[in-house]
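This is what each chain is made of:
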Amino acid sequence: MDLTDLEHARALDRADPLGEFRMRFTIPDPEVVYLDGNSLGRPPRAALEALRRVTSEEWATELIRGWGHWLDAPLRVGDLLAPLIGARSGEVVVTDSTTVNLFRAASAALDARPERHAIAIATEEFPTARYVVEGLAAARGLEIRWLPEHPIEGLAVAEIDRVADEDLALIVLSQVNYRSAAIADLAAITARAREAGALVLWDLAHSAGAIPIDLTAGSADLAVGCTYKYLNGGPGAPGYLYVRRELQDEFRPPIQGWFAQAEQFEMGPRFERAAGIAGWLVGTPGMLGLAAAEVGIALSAEAGIDRIRIKGMIDGQRFHAISLLDAWLAPRGCTLGSPRDPGRRANHVAIVHPDARRLTAELMARSVIADFRAPNSIRIGLSPLSTSFEEVHRGLASLRELLDA
Ligand SMILES: *Cc1c(COP(=O)(O)O)cnc(C)c1O
């Protein structure tokens, strides 16, 4: 069959073992082609129901008594998320924003290596991580070591050896590059850093819910991420923080909030940190965001990360998005801005074109929602539970028409 035929996309949809999950999302306008679920996932129907329940039933009728069961939510949802990122129970809290968690984890790591004066980060790292690192370096008088990252293939493990010496305290890295979707070798990079006595803080924003992650096997120390991208937790749903069990009591969180207090409601005179991951909480969690995030995370857990990965690989691979790019878009001036090897690429595909900014806006005007990423790429996000193959087909067909116009 012709791989660019709409029938091919429909056949892939019919054979998709995750196809039924699309029905579990609310999709009010089926004409909208949504290729941005990697920035903000579509709403699961059950998330809307959870929001109604928490507001109309719990908040309205339980009032402050609701805290009897709300208090545990950051830890409970953390345990629900843990298997999706290869963490153990009691290693993850879902709370605060990714950026705040990044700052907290990086600060704790730097405090744990007081005799070292350098911090490393990739040149192509997501902006918030670069800004946090620049701020920490300025406040603490640290040297920043920039890791050169290939714009398509990502960070080579060998680059770590260039920066990791006895003065390097911490490396901050995304597991999946937000532009190209290149996957970094978490286990190898963590191991190289550790040989030099440095810590690595992993940002899982574009990997959780898209690819299998094994923080335990990779021997990761610290990680953070978002719940509103592939995990479909909703706008502004809380981020998460992972601290390897063995380090939770040894490392010191930079913010001593009352939610980390061992006997929180004794309101005691001194801070005595709760043992374990509870000691990394800060203040009152946002229950609406957590309730929706819990549903989104549960959906990914139910689908299973292995099935999610298989769909992502088909979608991004020569079978589909990339075959359409090769057949339709490459002859019209587009190039692939992501690794071609599906094993090295997560769930989005970057399409590079000099007019990417204008094209993304024109796609939007045709109800094809994708992301422009400076300087010149259109990011096509393939959200495994809610994006259909037909949607990808229609989106890229619109782009082809625009290129011909
Ligand atoms: C989306 C994203 C963030 C977002 O951080 P927030 O604090 O939730 O705004 C952080 N890091 C990476 C790599 C991202 O892709």
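Conventions and cut-offs
The numbers attached to residues start from 1 for each chain and follow its sequence in the written order. Reporting of local features is limited, given that this is a predicted model, to residues whose pLDDT is at least 70; pairs of side-chain atoms are given and counted only at 80 or more, and all residues count toward the totals for whole chains, interfaces and linings. Derived side-chain values reflect all non-hydrogen atoms in the structure, with water molecules and hydrogen atoms excluded from consideration. Strands are runs of DSSP state E lasting at least two residues, helices are runs of H or I lasting at least four, and both sets are numbered from the N terminus onward. Classification of residues uses two cut-offs on accessible area relative to the type maximum, computed with a 1.4 Å probe and protein chains only: under 20% is buried, over 50% is exposed, and between them is partly exposed. Areas reported as accessible are Shrake-Rupley estimates using a 1.4 Å probe. Residue values count occlusion only from the protein chains shown. How far each domain reaches was decided by an automatic or database domain assignment. By definition, residues are in contact when any of their heavy atoms lie within 4.5 Å. Buried surface area refers to the total accessible area, computed with a probe of radius 1.4 Å, that the two partners give up upon joining, counted for both partners together. Every case where a carboxyl oxygen of Asp or Glu lies within 4 Å of a side-chain nitrogen of Lys or Arg is listed as a salt bridge. Counting of polar contacts relies on pairs of N or O atoms within 3.5 Å, with two restrictions inside protein: one atom must be capable of donating a hydrogen and the other of accepting it, and residues adjacent in sequence are counted only when both atoms are side-chain atoms. In plain words, nonpolar cores are sets of buried Ala, Val, Leu, Ile, Met, Phe, Trp, Tyr and Cys residues tied together by side-chain atoms within 4.5 Å. Each pair of strands is called paired provided DSSP finds at least two bridges between the two strands. Angles shown run from 0 to 180 degrees and are taken between the N-to-C directions of axes, each axis being a line fitted to C-alpha atoms and, for helices, limited to the stretch in contact.

### Let's talk about the overall build of the protein chain
- Secondary structure assignment for the protein chain yields 14 helices and 13 strands.
- Across its three principal directions, the C-alpha atoms of the protein chain cover 70 × 60 × 35 Å.
- Within the protein chain, the proportion of its 405 residues that are buried is 56%.
- When the accessible surface of the protein chain is totalled, it reaches about 16200 Å², and 56% of it is carbon and sulfur.

### Remarks on the domain arrangement of the protein chain
- Domain boundaries assigned for the protein chain yield domain 1 (6-30 + 304-404) and domain 2 (49-301).
- Taken over C-alpha atoms, the centre of domain 1 sits 29 Å from the centre of domain 2.
- On the side of domain 2, 22 residues touch domain 1, which itself brings 27 residues to the contact.
- Summing the contributions of domain 1 and of domain 2, the shared interface buries around 2100 Å²; its carbon and sulfur component is 56%.
- In this assembly, domain 1 and domain 2 are joined by one salt bridge.
- Where Glu-153 meets Arg-344, a salt bridge forms, and the shortest distance between an N and an O atom there is 2.8 Å.
- Here domain 1 is connected to domain 2 by 12 residue pairs in polar contact (both at pLDDT 80 or more).

### Observations regarding the nonpolar core
- One finds Leu-81, Ile-85, Leu-147, Ile-171, Trp-202, Leu-215 and Tyr-240 to be the most contacted residues of the largest nonpolar core, which totals 57 residues.
- Take this core: its biggest share by element is five residues, from helix 10 (residues 287-303).
- Taken domain by domain, the makeup of this core includes at least three residues from each of domain 1 (6-30 + 304-404) and domain 2 (49-301).
- Among residues more than four places away in sequence, those in contact with Ile-85 are Val-92, Leu-204, Ala-208, Ile-213, Asp-214, Leu-215 and Tyr-240.
- Ranked by size, the runner-up nonpolar core spans 30 residues in total, among them Ala-106, Ile-121, Val-132 and Phe-251.

### Looking at the sheet that holds strand 5 (residues 168-174)
- Across the sheet, which stays open at both edges, the seven strands sit in the order 2-8-7-6-5-3-4 with mixed pairing between neighbours. One side of each edge strand has no neighbouring strand; the edge strands of this open sheet are strand 2 (92-94) and strand 4 (143-147). Along the sheet, successive strands turn relative to each other by an average axial angle of 15 degrees, direction set aside.
- Direction of pairing for strand 2 relative to strand 8 (residues 240-243): antiparallel, over a ladder of three bridges. When the bridges of strand 8 are listed, Val-92 appears paired with Tyr-242.
- Lying on the sheet, helix 5 (residues 73-81) is in contact with strand 2 and strand 8; it crosses strand 2 at an angle near 120 degrees.

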